[in-house]
Amino acid sequence: MTTELMLLGWTLVLALGQILLTALLRDQETGMAYSMGARDGAAPPPRPVTARLQRAQANLFETLPLFAAAVLVAHVAGREGALTLWGCWLYLGARIAYLPLYAAGVPLLRSLAWFTSLAGLVMLLAAILAP
């Protein structure tokens with residue numbers, strides 16, 4: 001397995017971790033009876049940290065399909081190299097940094113982490129689309 005595919009796998013672990021962490025905090029707010037039920041009634045609004053984690057999760061899920069597709073296309077097309085390797089590391093590292101920054105409500109560094117992950121994704125696309 002290539003390093004890029006391994007990093008894609010770890011990005012999926014990060015995504016699963018975000019799902020579980022957000023669900024755990026939300027379950028603490030609503031109670032297990034509500035979480036295990038049909039959820040027909042209104043739930044209390046999420047606390048600020050839970051709401052931030054929900055938004056961070058949604059943010060990851062906006063770019064994760066693009067990242068996964070780019071890694072897989074690069075692999076299948078034999079376009080892996082320094083650009084894809086660094087792009088994958090940048091994307092995953094920045095997404096890891098983004099989560100606690102967003103959860104803590106840190107505005108500027110959070111945006112910098114997001115742009116860094118986007119730069120990693122652009123590097124992957126450049127490797128795929130380069131002549």
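Residues numbered from 1 in each chain as written. Predicted model: local features only at pLDDT ≥ 70, side-chain atom pairs only at ≥ 80, totals over all residues. Heavy atoms only, no water.

Student: How should I be thinking about a nonpolar patch on the surface in this particular structure?
Tutor: A contiguous nonpolar patch, built from Met 1, Met 6, Trp 10, Val 13, Trp 86 and Trp 89 and spanning about 770 Å² of accessible area, is present on the exposed surface. When residues of the nonpolar patch are traced back to their parent elements, those giving at least two are helix 1 (3-30) and helix 4 (82-103). When residues in the nonpolar patch are grouped by element, the largest group, three residues, is from helix 1. Looking at where Val 13 falls in the secondary structure, it is placed in helix 1. Accessibility expressed as a relative area gives 45% for Val 13, which makes it partly exposed. (Patch = residues over 30% accessible without salt bridge, like charges linked within 9 Å, V, L, I, M, F, W, Y side chains within 5 Å. Areas by Shrake-Rupley, 256 points an atom, 1.4 Å probe, with all protein chains shown as cover. Salt bridge = Lys/Arg side-chain N within 4 Å of Asp/Glu carboxyl O. Helix = DSSP H or I, 4+ residues; strand = E, 2+ residues; numbered from the N terminus. Buried < 20%, exposed > 50% of the residue type's maximum accessible area, 1.4 Å probe, protein only.)

Student: Would you mind going over the pattern of salt bridges with me for this structure?
Tutor: Between side chains of opposite charge, a pair can form as their charged atoms come close. Enumeration over the complete set of coordinates arrives at two salt bridges. One salt bridge in this structure joins Glu 29 and Arg 26, with 2.7 Å as the shortest N-O distance. With a gap of three residues between them, Glu 29 and Arg 26 both fall in helix 1, about one helical turn apart. By the burial criterion, Glu 29 is buried, and Arg 26 matches it. Assessed through its relative accessible area of 16%, Glu 29 is described here as buried.

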